[in-house]
Amino acid sequence: MNTANLTPKTSRSVTYCTRCVYPSLAVNTLLDDEGVCNACRNAEEFSRLADAAFWDERRARFESLVEETQSRTNGANWDCIIPVSGGKDSYWQAHLCKNVYGLKPLLVTYHANNFLPEGQANLDRMRDELGCDHMVFGPSVETLRRLNLAAFRRMGDMNWHCHAGIKIVPVRLALQLNVPLVVWGEITWTVAGMFAPDDFAEYNKRTVLEHDLRGFTWEDFIDDGTLEPGDLHWLGFPSDHDLERVGLRGVYIGNFFPWEPNEHAKLMHRLYNFEFARRPFERTYRTMSNLDDMHENGVHDYMKFIKFGYGRASDHASKDVRDGLMSREDAVATVRKHDHVKPRADLERWLAYVGISEDEFDRTADTFRDPRVWWIDGGRWWKRNVWGEPSPYGNVKLASASERERYS
Ligand SMILES: [Zn+2]
């Protein structure tokens, strides 16, 4: 993208992309002099580049990778590992690898204990519908409860372990089983600007630690005294020595095939009975995503709103605007309906799960509010909105005057 004339972020000056509904402080987002965000510019450039010949060339690269892998595994039990949550993307990855390109995948799941019933059913059906072997690793529920709470208190993200578990456990297993290839799904950093499409970025320590794990490791969560190192060694990043010994590669299938989540979900439903959410979510309109964790679209996403002033409805609507599936006007209405919602039933379940009160939740959550977004007026939290005028969102629970001072 053209990086000239980018507007720097300044204090409490959140503005919104004039094409989608992204705020200027979304991760790695900058607006240019026309007020268009780099995610929209990248999508524009990508759609200009990505003609049929572009995808033919990329598909051919994947076919070469399949041949090379099969020559290495030579009749072993498995050619590759596919990390799966049982979601639409998991189905799409397994469908392509096994039923289109003839690889023998081992499906590996990090089971974080909070599946929705339809998400669990989707996961359980994979080895039947797709005919793949499947291993599931589920940490003890007590460890998961403690990890939820420790990460909420430390970084305001109770689901940190979900991102870490799915990015680390399948790779550790691949190394133990001498499987040379791990096939990941979506590439997200082309949108965020971490890599360009032609980089063909693969699994590596930098993307996992900086992007997926947000710079935290399991060691950051043992100082609250409820977890021991012996509880969490399975979350340790594999050593360079082990990665080299197996010659392991981790490729992202989004580098080789068009990533069309709405179309893929419909196709997976038709081919393999992939099930959508049975009930609508409170915080977004999509029913095909995040069925593997009931709190992902609930209290976990509410924390994103608390921190940064926007939520998953903004993400989903912005993606759909970029794909030409939604008008900006409809996207703004969607954000207005969903982004601020405090998910009552979901929050109550999570509070009971980890054993804290709503008052403690609110007080802790308030410490994570970004002062570039939020200010205090009359004992309430205020922020600017994508539709224009600012509005208040709930009572301030911050205890000390010095904490409140940051938001004056
Ligand atoms: Zn945009």
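If you're wondering where the values come from, they're calculated on a predicted model, not measured in any experiment.

**Student:** What's the story with the pattern of salt bridges in this structure? I'm lost.
**Tutor:** A side chain with one charge can pair with a side chain of the opposite charge if their charged atoms come near. If you walk through the whole model with that rule in mind, you get 33 salt bridges. A salt bridge links R283 to D301, with the shortest nitrogen-to-oxygen separation between them at 3.0 Å. A residue pair is termed long-range when its members are at least 10 positions apart, and R283 in the loop between α11 (261-272) and α12 (299-308) and D301 in helix α12 qualify at 18 residues. Accessibility assignment for this pair places R283 and D301 in one class, buried. When the shortest N-O distance is used, the salt bridge between D359 and K397 registers 3.6 Å. Linking D359 in helix α16 (residues 358-366) with K397 in the loop between β8 (388-395) and α17 (401-405), this pair joins segments that are 38 residues apart in sequence. A network of salt bridges, in which partner residues are shared, links K342, R344, E348, E358, D359, D362, R363 and K397.

**Student:** Just to check I follow, could you spell out empty space enclosed by the protein for this structure?
**Tutor:** Here the idea is plain: a probe the size of a water molecule rolls over the atoms and shows the empty space left. Tallying each qualifying case throughout the model produces one cavity of 30 Å³ or more. Its volume calculated, the largest cavity comes out at about 80 Å³. Lining the largest cavity are 14 residues, with G309, V335, D339, K383 and W387 positioned closest to its centre. Tallied by class, the residues present in the lining of the largest cavity amount to eight nonpolar, four polar and two charged.

**Student:** Hey, could you run me through α11 in this one?
**Tutor:** Spacing of three or four residues puts side chains on the same side of an α-helix, whose turn is 3.6 residues. With 12 residues, α11 ought to run about 16 Å at 1.5 Å a step, and its terminal C-alpha atoms sit 16 Å apart, in line with that. Along α11, the positions that sit buried rather than exposed are P261, H264, A265, M268 and Y272. In a view along the axis of α11, the buried residues occupy a sector of 100°, so they form one face of it. Structurally, α11 contributes buried residues whose contacts are with α3 (88-100) and α4 (117-129). A positive backbone phi angle near 60° is found at N273, which sits one or two residues after α11.

**Student:** Would you mind showing me how to read the packing of α3 against α4 here?
**Tutor:** A pair of packed helices can be characterised by two numbers: the angle between their axes and the separation between those axes. Here α3 crosses α4 at 10°, and the two axes come no closer than 11 Å. The orientation of α3 relative to α4 falls into the category roughly parallel. For the pair α3 and α4, contact is made by S90, Y91 and A94 and by N122, R125 and M126, respectively. Its residues assigned to classes, the contact of α3 with α4 shows three nonpolar, two polar and one charged.

Rules of the game
- Residues numbered from 1 in each chain as written.
- Predicted model: local features only at pLDDT ≥ 70, side-chain atom pairs only at ≥ 80, totals over all residues.
- Heavy atoms only, no water.
- Salt bridge = Lys/Arg side-chain N within 4 Å of Asp/Glu carboxyl O.
- Helix = DSSP H or I, 4+ residues; strand = E, 2+ residues; numbered from the N terminus.
- Buried < 20%, exposed > 50% of the residue type's maximum accessible area, 1.4 Å probe, protein only.
- 1 Å grid on protein atoms, 1.4 Å probe; cavity = no way out; pocket = protein on both sides within 12 Å on 5 of 7 lines; lining within 4 Å.
- Points joined across faces, edges and corners; volume = space filled by probe spheres on them.
- Nonpolar A, V, L, I, M, F, W, Y, C, P; charged D, E, K, R; others polar.
- Expected span 1.5 Å × (residues − 1).
- Arc of directions from axis to C-beta.
- Contact = heavy atoms within 4.5 Å.
- Axes fitted to C-alpha atoms, helices over the stretch in contact; angles between N-to-C directions.
- Parallel < 35°, antiparallel > 145°, perpendicular 65-115°, else oblique.

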